[in-house]
Amino acid sequence: MSKETRGFITILTGLYSFQDCIHFLAAIRKFHQEPIIILIDRVPKALYPLLTIFKNVILKPAPANENTVLASRLAKVSLYSFSEFDKTIFLDSDICLLTDINDVFEYLDEFDLLLTEDVQPVISKATNLLRGNQQENLPKVLQILQSVGLPLQENSIQYNSGLIAFRKNEKIKSFFNEFQKYFEIIQSNQDKLLLRDQGAFAAAIETVRPNLKVLPPAYNYLSKWKDCYEIEEEIKVLHCTYAYRPQYAKNITRSLYTRLFDKFAQVFIPNQVTNPWRGK
């Protein structure tokens, strides 16, 4: 019996996330040697060697779109088809590992899907998914999401899709098919909904009911929302753009190469926090 394959996937659409991605790769390589697939779009090919200097990095074209945030969302709903592995860990490229996460791969022996809850997990309070004033939207979040065709309930959970670990099997293939279908609904209702994938993700969970495990916040710790957590365990996965990354995390990826790259980035690479597509 052949050994199961395992690896990582991330997404890089446009130059705004390029610096994040360099440090993402450096952090992964500090703790892991598995292959890393990067789904890439709107990055000049002349810059590809800056990514592939890290060993065992595979570049694949992401779904192309002028809107780099939309291209990223389209890549995320297609992760299953892009993965070459029996066990896959997807991480947003603005994530920094603080330790190895071999246990996540090991959990996939028992579960088909691993993820973490959002800092606002109750979908009926997820005003972050809607256009308009958050206070005015709060009483009608669920009504609006249901009205466009998302099969969500009062007790549905909003997950943060910055970390998705999954097995290759028919159940998860079906999950990603539903994820893609529901994201198309979000695209078709841009007058009401922001271009975010959490609603479609939650709807796919409700529809398919995969064998899932919810990981604690230590596996997807959003430093921007640190005041929302009550956490005592060691943080394993830090989620924040490089510009706002604490120094202890920057030290994880500090090397001669990343120091030289950061000087290059100050001149030639736009900062992710200035990405005009983020507000779309």
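For the structure itself, consult the block above.
Now for a description of the structure that goes with this document. Fair warning: this is a prediction, and the values are worked out from it, not measured in the lab.

1. Section: the sheet that holds strand S5 (residues 95-97)
Alright, step 1. On the basis of which strands lie adjacent, the open sheet formed by 3 strands has the order S5-S10-S9 and mixed pairing. Looking at strand neighbours, the two that pair on one side only are S5 and strand S9 (221-222), the edges of this open sheet.
Alright, step 2. In this structure, S5 lies alongside strand S10 (residues 237-239), joined through 3 bridges in antiparallel fashion. Bridged to Ile95 within S10 is His239.

2. Observations regarding the packing of aromatic side chains
Alright, step 1. Applying the stated criterion to the full structure yields 15 aromatic pairs.
Alright, step 2. Their ring planes at 85° and their centres at 5.1 Å tell us that Phe179 and Phe201 sit as a pair that is edge-to-face. Placement of the pair is Phe179 in helix H8 (residues 170-187) and Phe201 in helix H9 (residues 198-208), with a sequence separation of 22 residues.
Alright, step 3. The class of Phe179 is buried, set by a relative accessible area of 0%.
Alright, step 4. The class of Phe201 is buried, set by a relative accessible area of 1%.
Alright, step 5. Members of the aromatic cluster, each reached through a chain of ring pairs, are Tyr80, Tyr159, Phe166, Phe175, Phe176, Phe179 and Phe201.
Alright, step 6. The ring of Tyr80 is capped by Lys168, whose NZ or CZ atom sits 4.6 Å from the centre of that ring.
Alright, step 7. The ring of Tyr242 carries the charged tip of Lys250 above its face, separated from the ring centre by 4.6 Å.

3. Considerations on the nonpolar core
Alright, step 1. Formed by 48 residues in total, the largest nonpolar core has its most connected members in Phe18, Ile38, Leu51 and Leu91.
Alright, step 2. Looking at this core, the element that brings in the most residues is helix H1 (residues 18-31), giving 8 residues.
Alright, step 3. Setting aside residues no more than four positions away along its own chain, Phe18 makes contact with Leu12, Val43, Leu47, Leu50, Leu51, Phe261 and Ile269.
Alright, step 4. Among the nonpolar cores identified, the runner-up in size contains 47 residues, and Leu74, Ala75, Ile172 and Ala200 belong to it.

4. Details of the sheet that holds strand S6 (residues 113-122)
Within a sheet, adjacent strands bond to each other through the backbone by hydrogen bonds, running parallel or antiparallel.
Alright, step 1. Taken together, 7 strands build an open sheet; the order of strands is S3-S2-S1-S4-S7-S6-S8 and the sheet is mixed. The open sheet terminates on both sides in strands that have one partner only, identified here as strand S3 (57-61) and strand S8 (212-215). With strand direction ignored, the average angle separating the axes of adjacent strands in the sheet is 30°.
Alright, step 2. Summarising the sheet, strand S2 (residues 36-41) and S3 pair through 5 bridges and their orientation is parallel. The residue bridging Ile40 from the neighbouring strand is Pro61, located in S3.

What counts as what
- Residues numbered from 1 in each chain as written.
- Predicted model: local features only at pLDDT ≥ 70, side-chain atom pairs only at ≥ 80, totals over all residues.
- Heavy atoms only, no water.
- Pairing = 2+ DSSP bridges.
- Helix = DSSP H or I, 4+ residues; strand = E, 2+ residues; numbered from the N terminus.
- Phe/Tyr/Trp six-rings, centres within 6.5 Å; stacked < 30°, edge-to-face > 60°.
- Buried < 20%, exposed > 50% of the residue type's maximum accessible area, 1.4 Å probe, protein only.
- Lys NZ or Arg CZ within 6 Å of the ring centre and 35° of its normal.
- Core = buried A, V, L, I, M, F, W, Y, C linked by side-chain atoms within 4.5 Å.
- Contact = heavy atoms within 4.5 Å.
- Axes fitted to C-alpha atoms, helices over the stretch in contact; angles between N-to-C directions.

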